[in-house]
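If you want the building blocks of each chain, they are given just below.
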Amino acid sequence: MTSSMLRRQLKNLVQNYSEAEVKVREATSNDPWGPSSSQMADISDLTYNVVACNEIMTMLWKRLKDDKNWRHIHKVSDTGTKKGLL
């Protein structure tokens, strides 16, 4: 497990992120690879729950406004256009 993964897990615990928020954070992480199809399927399934959908959209919006980490913005916009969100 890399230090960035440990740091991300610690932040998830400290910030008390929900399952949906954690999945979005993993899918839009600053890692050089894109989200896996299983991550995208999990997030897609969670959108059928009204509360989880709101958490997902809030986290995506937060990631889109992150001007320090361009990969967050790229991954959200690339994924959002493929899924018809943006």
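Predicted model only: the values in this text are computed from it and were never measured. (Residues numbered from 1 in each chain as written. Predicted model: local features only at pLDDT ≥ 70, side-chain atom pairs only at ≥ 80, totals over all residues. Heavy atoms only, no water.)

Re the pattern of salt bridges
Here is the rule: By salt bridge we mean one thing: a side-chain nitrogen of Lys or Arg within 4 Å of a carboxyl oxygen of Asp or Glu. Secondary structure elements are taken from DSSP: a helix is a run of H or I of four residues or more, a strand is a run of E of two residues or more, and numbering for both begins at the N terminus. Burial classes: relative accessible area under 20% of the type maximum marks a residue as buried, over 50% as exposed, and values in between as partly exposed (1.4 Å probe, protein chains only).
Counted under the stated rule, the structure contains 2 salt bridges. Its salt-bridge partner being Asp 31, residue Arg 8 comes within 3.4 Å of it at the nearest N-O pair. One end of the pair, Arg 8, is in helix α1 (residues 3-14); the other, Asp 31, is in the loop between α2 (19-27) and α3 (37-46), and 23 residues separate them in sequence. Using a relative accessible area of 17% as the deciding quantity, one classes Arg 8 as buried. Classification of Asp 31 by relative accessible area gives buried; the value is 14%. A salt bridge links Lys 23 to Asp 42; its shortest N-O distance comes to 3.4 Å. Of this pair, Lys 23 sits in helix α2 while Asp 42 sits in helix α3, and the two are 19 residues apart along the sequence.

Some words on the nonpolar core
The condition that has to hold: Take the buried Ala, Val, Leu, Ile, Met, Phe, Trp, Tyr and Cys residues and link them wherever side-chain atoms come within 4.5 Å; each set so joined is a nonpolar core. Note on contacts: a residue pair is in contact if any heavy atoms of the two residues lie within 4.5 Å.
Grouped together as the largest cluster of nonpolar side chains are 12 residues: Tyr 17, Ala 20, Val 22, Val 24, Ala 27, Ile 43, Leu 46, Ala 52, Ile 56, Met 59, Leu 60 and Val 76. Among the elements of the structure, α2, α3 and α4 (50-64) are those that each provide at least two residues to this core. Excluding anything up to four places from it in sequence, Ile 43 contacts Lys 23, Val 24, Ala 27 and Ile 56.

Comments concerning α4
The condition is simple: Residue count minus one, scaled by 1.5 Å, sets the expected span of a helix. Working definition: the arc comes from the directions between the helix axis and the C-beta atoms, pointing outward to the latter. For this analysis, a polar contact is any N or O atom pair within 3.5 Å, provided that within protein one partner can donate a hydrogen and the other can accept it, and provided that sequence-adjacent residues contribute only side-chain to side-chain pairs.
For α4, built from 15 residues, the straight-helix expectation of 21 Å at 1.5 Å per residue is met to within 8% by its first-to-last C-alpha distance of 21 Å. Taken residue by residue, α4 has Ala 52, Ile 56, Met 59, Leu 60 and Arg 63 as its buried positions. One side of α4 holds all its buried residues, which, seen down the axis, span an arc of 100°. Among the exposed residues of α4, those oriented more than 90 degrees off its buried face are Val 50, Val 51, Asn 54 and Trp 61. Between a side-chain oxygen at the N-terminus of α4 and the backbone nitrogen of Val 51 the separation is 2.8 Å; the capping residue is Asn 49.

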